[in-house]
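Remarks on the overall topology
Listed here are the chains, written in short residue letters.
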Amino acid sequence: MKIDKRIIPLAIGGLGIGTTEFTIMGLLPDVARSLQISIPEAGHLISAYAFGVVVGAPLLIGYSVKFPPKKVLMALMVIFTLFNALSAIAPGYNTMLVIRFLSGLPHGAFFGVGTVVATRMAAKGKEAFYISLMFTGLTVANLAMVPLVTYIGHAFHWRWYFAIVAVIGLVALAFIKFWLPALETNPDTHFMEELKFLKKKQAWLVLMITAIGFGGLFTWFSYITPLMTVISGIKESQMAYVMILAGAGMVVGNLVGGYLSDRLSPEKTCVLLLFLMMFSLGGVFFLSEYQNVSLVLTFICGALSMSVAAPINIMMMKAAPKSEMMAAAFMQAAFNCANAMGAFLGGIPLEKGYSFNYPSLVGVFMTLIGLIIAFRYKQLYSSQVPNKEEINNAIS
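First things first, this report covers the structure right here in the doc. Throughout this document, residue positions are counted from 1 along each chain, in the order its sequence is written. Totals for whole chains, interfaces and linings use all residues, but because this is a predicted model, local features are given only for residues with pLDDT of at least 70 and pairs of side-chain atoms are given and counted only at 80 or more. Based on all heavy atoms of the structure, the side-chain values leave hydrogens and waters out of the count.

This part takes up the nonpolar core. We define the nonpolar core as a collection of buried residues of types Ala, Val, Leu, Ile, Met, Phe, Trp, Tyr and Cys that are connected through side-chain atoms lying within 4.5 Å of one another. We call a residue buried when its accessible area falls under 20% of the maximum for its residue type, exposed when it is over 50%, and partly exposed in between, using a 1.4 Å probe and counting protein chains only. L10, F110, I209, W220, I312 and M316 are the most contacted members of the largest nonpolar core, which totals 120 residues. Considering every element that reaches this core, the biggest residue donor is helix α6 (residues 127-155), with 13 residues. Counting from the N terminus, the helices are DSSP H or I runs at least four residues long and the strands are E runs at least two residues long.

Moving on to unusual backbone geometry. In this model, Q36 sits at a positive phi of 60 degrees, which is unusual for a non-glycine residue. Following the sequence through the fold, Q36 ends up in the loop between α2 (24-35) and α3 (39-64). The phi dihedral of S265 is positive, around 105 degrees, even though this residue is not glycine. Mapped onto the fold, S265 is located in the loop between α11 (239-264) and α12 (266-287). Judged by its relative accessible area of 22%, S265 is partly exposed.

Right, let's get into the packing of helix α4 (residues 69-87) against helix α5 (residues 93-121). Throughout, an axis means a line fitted to C-alpha atoms (over the contacting stretch in the case of helices), and angles, computed between N-to-C directions, take values from 0 to 180 degrees. Axis separation between α4 and α5 bottoms out at 9 Å; the angle between their running directions is 155 degrees. As summarised for this structure, α4 and α5 are arranged roughly antiparallel, according to the angle between their axes. You can see that α4 and α5 cross each other, and the crossing is left-handed. Touching P69, V72, L73, L76, M77, I79, F80, F83, N84, L86 and S87 of α4 are M96, I99, R100, L102, S103, P106, A109, F110, V113, G114 and V117, all from α5. Each residue is assigned to one of three groups, with Ala, Val, Leu, Ile, Met, Phe, Trp, Tyr, Cys and Pro labelled nonpolar, Asp, Glu, Lys and Arg labelled charged, and all others, Gly among them, labelled polar. When grouped by side-chain class, the residues that make up the contact of α4 with α5 number 17 nonpolar, 4 polar and 1 charged. Put simply, angles under 35 degrees are roughly parallel, angles over 145 are roughly antiparallel, angles from 65 to 115 are roughly perpendicular, and the rest are oblique. Helix crossings are classified by the rotation of the near helix relative to the far one: an anticlockwise turn of less than a right angle makes the crossing left-handed, while a clockwise turn makes it right-handed. Throughout, a contact is declared for two residues whenever any of their heavy atoms are within 4.5 Å.

The next point concerns the packing of helix α1 (residues 8-22) against α4. Running from N to C, α1 and α4 point in directions that differ by 30 degrees, and their axes come no closer than 12 Å. Considering their axes alone, α1 and α4 lie roughly parallel with respect to each other. The element α1 and its partner α4 pack so that their crossing is left-handed. Each of L10, G13, G16, I17 and T20 in α1 lies in contact with α4, whose residues at this interface are L73, M77, F80 and N84.

In what follows, salt bridge is the name for a side-chain nitrogen of Lys or Arg lying within 4 Å of a carboxyl oxygen of Asp or Glu. Scanning the model with the defined rule gives 2 salt bridges in all. Residue D30 pairs with R33 through a salt bridge whose shortest N-O separation is 3.4 Å. With D30 and R33 both in helix α2, this residue pair falls 3 residues apart, about one helical turn. With a relative accessible area of 59%, R33 lands in the exposed category.

Purely geometric numbers; function is a separate question.
Quick look at the structure:
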């Protein structure tokens, strides 16, 4: 299958974003020792980045809606590259905390603008697949770049991690400049107009599906290391291979989710995937003591964790036909809320003394709630056909 080279700049941007977001989790002890802080304090660097994503997504989109998407994406990648480069030379913890917050600002806005640009470049009936192609960069980051950069950070110095991310940012910037087509914008739109989609029940249902239903998978992913080492009997030294297996699942699931969404409709695909998530998390709870089964479930859960990205974004764009960029940015905030909620709620049974397979049981109930909301959404709105002309009109 021939890949449209115009989508490659967005995928490379996603590669850089995925690398900077997830690599630090494996380097926290190195960062803590170097900056002379505790590991929980080093964990605040992750929270600072996530907070930057939530804050930056609506603010930067709101400011940039009047500018051509290509110029906006270039500006966002400049910000991303600059602050990751500064992270490599930050002198102390407090400075690093501020810089990580600033590094997170362009994350949601990049995917917000990129989602709309991807759908506009796609042929009719290929919109969801093009979104999945953009998110391929994020999945490849988990499959290849995160393990590689984590190894480099351990072997040499954690600051090389940020330097590598900055280089990826420069490459993405060059590809955006030379390969991404120039698209027109709507000069009549403004920040408050973009926020009007929040008055729609349809939009809130999609955000709830994302934050609660998708959050169920983060109960599993947040505690995957103790789950696999304590319950499944995997050696700690082999966890890098387990994470590669999960990353491979993400690559496959992302593309399959986009393909199914274009074939079945986003609503049907979302319901199907949430059901499979609930079933798989139940499997993790009951079967993780069987090592081979646990490894298969790792691949499946990894695939499901990214498969929902394309259909849920299309559902949101249908809910906000005149505010697609802002709506897509809010989706990134919702995904980060899912991350935080899944980790928090999944940790409750561990605090009560239960074993490491119990977070996934919490995930079953979270995904069930998301499934119920998705059924409600499908009942109310599945008759609405995606209107690509309305999507294009928002930025042309």
